[in-house]
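Inside the fold
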Amino acid sequence: MPSQAEPLGEVDTAFQWLGPDHKIVVEAYDDPKVLGVTCYVSRARTGGIKGALGLAEDRSEASIACRQVGPVTFKQPLPLQEDVFTERMSLLFKRLHVVRMVDVKRHTLVYLTYSDRVIEGSPQNSVTAVTIDRATPIPVRERR
């Protein structure tokens, strides 16, 4: 089950005469399989008439910071890598991804955010990590 965004705030970056202003939005995503870890993602949101109608293509720049916000527990074994969250950034072709990777050797969860397109994605990305106390085992799903 993918995580749902919780809007935290926004700042205007450019005034638009018609439609909403261009913005940077900050949203929180609770990891659906790791209770006690929340990721905060900031990204551009295009305004204007196209933005108001959902037709604008948002920029491919995003930043991520994930933190332990409570006791960490795991709902189920984790694959070594999986999409935790995806969201549409344009009407048809572009998506924002948050991917969780398990660094077994360092007992750490690594989160990456990037965007992709059907034809060409963006190399712009951001990464963060949450170290898990070694007293809390990270259940990892065996590779198939």
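As a reminder, the structure under discussion sits directly above these lines.
Values in this document were obtained by computation on a predicted structure and should not be read as measured data.

Within the protein chain one finds one helix and eight strands. Beginning at the N terminus, the succession of helices and strands in the protein chain can be written as β-β-β-α-β-β-β-β-β. Residue burial in the protein chain is summarised as follows: out of 144 residues, 38% are buried. Taking the contacts inside the protein chain whose residues are at least 6 apart along the sequence as the reference set, 50% of them involve residues at least 24 apart.

Below, the discussion takes up a nonpolar patch on the surface. A cluster of nonpolar side chains, namely Leu8, Tyr40 and Val69, defines an oily patch on the protein surface of about 260 Å² accessible area. Position of Val69 relative to the elements: it lies in strand β4 (residues 62–74).

Right, let's talk about the side chain of Glu82 for a bit. Mapped onto the elements, Glu82 comes out in strand β5 (residues 81–88). The class of Glu82 is buried, set by a relative accessible area of 18%. Setting aside residues no more than four positions away along its own chain, Glu82 makes contact with Lys33, Val98, Val99 and Arg100.

What counts and what doesn't
- Residue numbers restart at each chain and count upward from 1, following the sequence in its written direction.
- Given that the model is predicted, a residue must reach a pLDDT of at least 70 before its local features are reported, and side-chain atom pairs must reach 80 or more before they are shown or counted; all residues, however, enter totals for whole chains, interfaces and linings.
- As a convention, hydrogens and water are excluded, and side-chain values are obtained from all of the structure's heavy atoms.
- Helix and strand labels come from DSSP, where a helix needs a run of H or I of at least four residues and a strand needs a run of E of at least two; each type is numbered from the N terminus.
- Residue exposure (1.4 Å probe, protein chains only): buried if accessible area is under 20% of the type maximum, exposed if over 50%, otherwise partly exposed.
- In this analysis, two residues are considered to be in contact whenever any of their non-hydrogen atoms come within 4.5 Å of each other.
- Nonpolar side chains (Val, Leu, Ile, Met, Phe, Trp, Tyr) within 5 Å and like charges within 9 Å form the patches, drawn only from residues with over 30% relative accessible area and no salt bridge.
- Accessible areas in this description were obtained via Shrake-Rupley with a 1.4 Å probe; residue shielding takes into account the shown protein chains only.
- Salt-bridge detection follows one rule: a side-chain nitrogen of Lys or Arg within 4 Å of a carboxyl oxygen of Asp or Glu.

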